[in-house]
Amino acid sequence: VFGGGGGAPQKFSLTYNKPAGLDGGKLFMSETGYTAALYYRDVITGETGKNLLLFELPAKKSKLETVDSMIPKTGIKITSILTPDTSDKDSFELNSPSLRLKVTSGGATMFEGGLPQGAELDLGRHTLFFEKVENWADLIYVTDKGVGLVYAGFAGVTFSVFALMWIALGGGKVKNTG
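1. Some words on the overall build of the protein
Within the protein, the secondary structure is distributed over one helix and nine strands. For the protein, the α and β elements follow one another from N to C terminus as β-β-β-β-β-β-β-β-β-α. Here the protein, with 178 residues, has 28% of them falling under the buried criterion. Here the contacts in the protein between residues at least 6 apart in sequence split such that 43% fall between residues at least 24 apart. Carbon together with sulfur atoms contributes 57% to the accessible area of the protein, which is approximately 11,900 Å² in total.

Following this line, the structure appears as structure tokens:
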């Protein structure tokens, strides 16, 4: 990570919701997950493309996220669930990832089942290829420039309330000369 103004590089570790100080602010890693690259190819025209499927890392393996995507100009809809490790039901490590897919077109199911990493799926005119899965993290940089002003305002209001109470309770000994 480089500091402001082209400063010297700083090296540090980030963990989930544990900030690292950086240039007067804090750097947070707020979310983590996986990105799965699913390529498609039109067998007739040779047109190719890629869908990047973003899966947030769930708190429990039983709550795996479902991601919907489409192949442009085809009407083919893909519903995907990523299983990071098919060899261990409780692991989130990317040891042997697989996508559970439901591929539909016009409401009709073309395919439903698993597609392991590196495998190709023939859908007739179109071919899907599940290339790889990678980790991703969402980083947030926060600065606290207005905190001092907020504290000063709170102190001023608190002082005013106490001063008014002191005067109202006779602590100020205000005489009525009228």
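2. Description of the pairing of strand S4 (residues 66–71)
Of the two faces of S4, only one is covered, namely that formed by Val67, Ser69 and Ile71; the face formed by Thr66, Asp68 and Met70 stays uncovered. Alignment of S4 against strand S5 (residues 76–83), held across six bridges, turns out to be antiparallel. In the sheet register, Thr66 faces S5, and the bridge partner there is Ile81. Where S4 folds back on S5, the antiparallel hairpin that results is connected by four residues, among which Lys73 adopts a positive phi of roughly 65 degrees.

3. Quick word on the side chain of Thr127
Looking at the element boundaries, Thr127 is found in strand S9 (residues 126–143). Overall, the relative accessible area of 7% leaves Thr127 in the buried class. Beyond its immediate chain neighbours, meaning those up to four positions away, Thr127 contacts Tyr39, Tyr40, Arg41, Val43, Glu120, Leu121 and Asp122.

4. Quick look at the pattern of salt bridges
All told, the structure shown has three salt bridges when counted by the stated rule. Between Arg125 and Asp42 there is a salt bridge, and its shortest N-O distance comes to 3.0 Å. In this pair, Arg125 sits in the loop between strand S8 (120–122) and S9 while Asp42 sits in strand S2 (residues 25–42), placing the two residues 83 residues apart along the sequence. Taking the shortest distance from any N to any O, the salt bridge between Glu47 and Lys73 comes out at 3.5 Å. In this pair, Glu47 is assigned in the loop between S2 and strand S3 (48–56) and Lys73 in the loop between S4 and S5, connecting sequence segments 26 residues apart. A relative accessible area of 42% means that Glu47 is categorised as partly exposed.

5. Examining the nonpolar core
In this structure, Leu38, Ile78, Leu99, Leu101, Val103, Leu128 and Phe130 are the most contacted members of the largest nonpolar core, which totals 21 residues. Broken down by secondary-structure element, the contributors of at least two residues to this core are S2, S3, S4, S5, strand S6 (98–105) and S9. A total of four residues in this core trace back to one element, the largest contributor, which is S2. Dropping the residues within four chain positions of it, Ile78 is found in contact with Leu38, Val67, Asp68, Ser69, Ile71, Leu101, Lys102, Val103 and Leu128.

6. Observations concerning the sheet that holds S4
The four strands lie next to each other as S4-S5-S6-S7, forming an open sheet whose pairing is antiparallel. Taken across any chain shown, the strands that pair with only one partner, and hence form the sheet edges, are S4 and strand S7 (108–116). Sheet twist, expressed as the average angle between the axes of neighbouring strands with direction ignored, equals 20 degrees.

7. Comments concerning a nonpolar patch on the surface
A cluster of nonpolar side chains, Val157, Val161, Phe162, Met165 and Leu169, forms an exposed patch at the surface whose accessible area comes to about 540 Å². With respect to the helices and strands, the residue Val157 is situated in helix H1 (residues 147–168).

8. Some points on the pairing of S6
Where S5 and S6 come together, eight bridges link them in antiparallel fashion. Following the sheet pairing, Ile76 is matched in S6 by Ser105. Here S6 runs beside S7; their pairing, made up of eight bridges, is antiparallel. Each residue of the ladder has a partner; that of Ser105, found in S7, is Ala108.

Cut-off values and rules
- Residues numbered from 1 in each chain as written.
- Predicted model: local features only at pLDDT ≥ 70, side-chain atom pairs only at ≥ 80, totals over all residues.
- Heavy atoms only, no water.
- Helix = DSSP H or I, 4+ residues; strand = E, 2+ residues; numbered from the N terminus.
- Buried < 20%, exposed > 50% of the residue type's maximum accessible area, 1.4 Å probe, protein only.
- Contact = heavy atoms within 4.5 Å.
- Areas by Shrake-Rupley, 256 points an atom, 1.4 Å probe, with all protein chains shown as cover.
- Pairing = 2+ DSSP bridges.
- Salt bridge = Lys/Arg side-chain N within 4 Å of Asp/Glu carboxyl O.
- Core = buried A, V, L, I, M, F, W, Y, C linked by side-chain atoms within 4.5 Å.
- Axes fitted to C-alpha atoms, helices over the stretch in contact; angles between N-to-C directions.
- Patch = residues over 30% accessible without salt bridge, like charges linked within 9 Å, V, L, I, M, F, W, Y side chains within 5 Å.

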